[in-house]
Amino acid sequence: MYKFYFNRVKNRYELNELVRMFLPSSAYEIVDEEIDSHEPDSKLIRIPDDIDDKNQAKRYIFNLLKEHTGLKPDWGILTGVRPVKLAGEIIKKTNSIQRTKEILMNEYYTTEAKADLILKTWENQQRVITDLDKKAVAIYIGIPFCPTRCIYCSFPSNQANEATIKDYLKALYKEIEYVSRELLNKGWYPESLYIGGGTPTILSDTDLKELIELLLKSIDTSKLKEFTVEAGRPDTITYDKLKIIKDFGVGRICINPQSMKEDTLKRIGRNHKPSDIIQAFKIAEKVGFDVINADLIAGLPGESPMDFIDSLRGIIRLRPENITVHTLAVKRASKLKEENEEYSYNKGNKVRTMLDNGSDLLDDSGYRPYYLYRQKQMAGNFENVGYSLPAKECLFNIRTIEDNQTIVALGAGGISKVWYPEENRIKRIPNVSNYEIYIERIDDMIERKRDGIFAIEEDV
Ligand code: SF4
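Since we're looking at a predicted model, the values are computed, not measured.

K.L.:
Is there a simple way to think about the site of the ligand in this case?
P.N.:
Taken together, C146, R149, C150, C153, F155, S157, G197, G198, T199, G232 and R233 make up the full set of residues adjacent to the ligand. When the residues that make up the shell around the ligand are grouped by side-chain class, the tally is 4 nonpolar, 5 polar and 2 charged.

K.L.:
Just to check I follow, could you spell out the sheet that holds strand 2 (residues 28-31) for this structure?
P.N.:
In a beta sheet, neighbouring strands are held together by backbone hydrogen bonds and run either parallel or antiparallel to one another. If you trace the 3 strands from one edge of the open sheet to the other, you get 2-1-3, paired in parallel fashion. The sheet is open, and its two edges are formed by strand 2 and strand 3 (43-46), each paired on a single side. When strand polarity is set aside, the average angle formed by the axes of neighbouring strands in this sheet is 25°.

K.L.:
How should helix 1 (residues 13-22) be read in this particular structure?
P.N.:
For an α-helix, the turn length of 3.6 residues means that residues three or four places apart are oriented alike. Within the span of helix 1, buried status applies to L15, L18, V19, M21 and F22. One face of helix 1 carries all of its buried residues, which in axial projection span an arc of 150°. Contacts from the buried residues of helix 1 go to strand 1 (2-5), strand 2 and helix 2 (54-69).

K.L.:
What should I look at first to understand helix 3 (residues 83-94) in this one?
P.N.:
Under the 1.5 Å per step criterion, the end-to-end length of helix 3 is 16 Å for 12 residues, consistent within 8% with the ideal 16 Å. Buried residues of helix 3: P83, V84, A87, G88 and I90, and no others. When helix 3 is viewed along its axis, its buried side chains cluster within an angular range of 165° and face the same direction. Exposed residues pointing more than 90 degrees away from the buried face of helix 3 are listed as K92 and K93.

K.L.:
Help me understand the nonpolar core, please; the structure alone is not making it clear to me.
P.N.:
Note on soluble globular proteins: their nonpolar side chains tend to be buried together. Ranked by internal contacts, the top residues of the largest apolar core, which has 115 residues, are I118, I253 and I255. Per-element accounting of this core gives the leading share, 8 residues, to helix 6 (residues 162-186). Viewed by domain, this core spans two of them, domain 1 (1-72) and domain 2 (136-410), each represented by three or more residues. Apart from residues no more than four positions distant in its own chain, I118 is found in contact with P83, V84, A87, L104 and L372.

K.L.:
Explanation requested: the domain arrangement of the chain in the structure shown.
P.N.:
Interfaces are often described in size by the accessible area the parts lose on coming together. Along its sequence, the chain is organised into domain 1 (1-72) and domain 2 (136-410). The C-alpha-based centres of domain 1 and domain 2 are spaced at 37 Å.

K.L.:
Is there a simple way to explain unusual backbone geometry in this structure?
P.N.:
Backbone phi values are negative for most residues with the exception of glycine, while trans is the configuration of most peptide bonds. In this structure, G198 follows G197 across a cis peptide bond, with omega equal to 10°. Examined against the element boundaries, G198 turns out to sit in the loop between strand 5 (189-197) and helix 7 (205-218). In the Ramachandran plot, Y109 falls in the positive-phi region, its phi being about 60° despite a non-glycine side chain. In this fold, Y109 is placed in the loop between helix 4 (97-106) and helix 5 (112-128).

Conventions and cut-offs
Residues numbered from 1 in each chain as written. Predicted model: local features only at pLDDT ≥ 70, side-chain atom pairs only at ≥ 80, totals over all residues. Near = placed C-beta within 6 Å. Nonpolar A, V, L, I, M, F, W, Y, C, P; charged D, E, K, R; others polar. Pairing = 2+ DSSP bridges. Helix = DSSP H or I, 4+ residues; strand = E, 2+ residues; numbered from the N terminus. Axes fitted to C-alpha atoms, helices over the stretch in contact; angles between N-to-C directions. Buried ≥ 20, exposed ≤ 12 C-beta atoms within 10 Å, placed from the backbone. Arc of directions from axis to C-beta. Contact = placed C-beta atoms within 7 Å. Expected span 1.5 Å × (residues − 1). Core = buried A, V, L, I, M, F, W, Y, C linked by C-beta atoms within 7 Å. Domains from an automatic or database assignment.

Here is the structure:
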């Protein structure tokens, strides 16, 4: 058992994340004081006194654990959620992509493949994003309901009856009306609109129509560049629903297979088959959207690298404009975490093969990485990458992942973020994630927004 004592380190979270890349949680403990451990097989590791820089401390732990375990994690000492943002900051300072690559590899210890992935993603983003008007915000609307709950789900997704959904929508409409008034008062306008979840297409045709109608009536969409609805689960997609969405001007939808393997879909708690996914794509094609995104997950239970690649091939055949490859993150709130505490740690090698082979296949098929982020508890501590065919990239994803736009998030689980560009800082204003509490406390949620976003003196 390793015991780590992170003496003189203020933020221990990042060091803890680094240790997790090397060791299963059962093999170590973070201790609060320098105990003299006499337990057999127990090893105390502390930061030497001459180290007083965070990255230096991380490099020290990295080298030590590399020596002890023989492992060399691909992301090196990078533990943050936004490696592309960090690379952008280094590029700004050094004015050199080559120098940035060297820094990523020599100072952050990433592999060459990860440094290239970060820099390719950054370069593709530069082609899409223009200088941001500070009054342009992103609006996110959360519908926290799904037909069933996937075993890895840690989102506020719920199964609810129609009456409850109606109560939820009533509260949501109140928030929409408040936000739209305040946007007008501030002179802010949405650059992108995103209805996500959960699964928004679980709403009845009437509710879906009413929600989008209200949104478009209340919010000034004259400068809107992008409107996405996450159709998500193929088992909620019908021609009529997609037609409603399309007729209101939605240009981008997501149909998220996660896997094209029937056994896996059953195992993860979905009640649809691969043929339903293909059917959903056919319907979407008939209705005609500019962009369809398909999500796929690497590291699902029971899947081999070959299964993953077969699924990816199946999805590429459907030719969506965006393909987002997620690495399974087994969060605390998920059923999978209850079943297997060390799931993320044990899946590492298989996931590496899936992601490497997947990235080559996507590249050969014309898809380019355009946004990237990492999460806690990801299998093998890898990454999520959004790929796109040229000129079809999702602006909402780029801006919100890079944390360089104010996002006003409505609904249960919505986390608004106010962006302060001068200070390179984000302030978070969360709504409660439980939909019942959200309904009950809708006035508090509105007050939070008033105090945290709209009443502030500074202009974003
Ligand atoms: S579709 Fe997404 S939000 Fe819904 S249960 Fe599955 S993982 Fe959770």
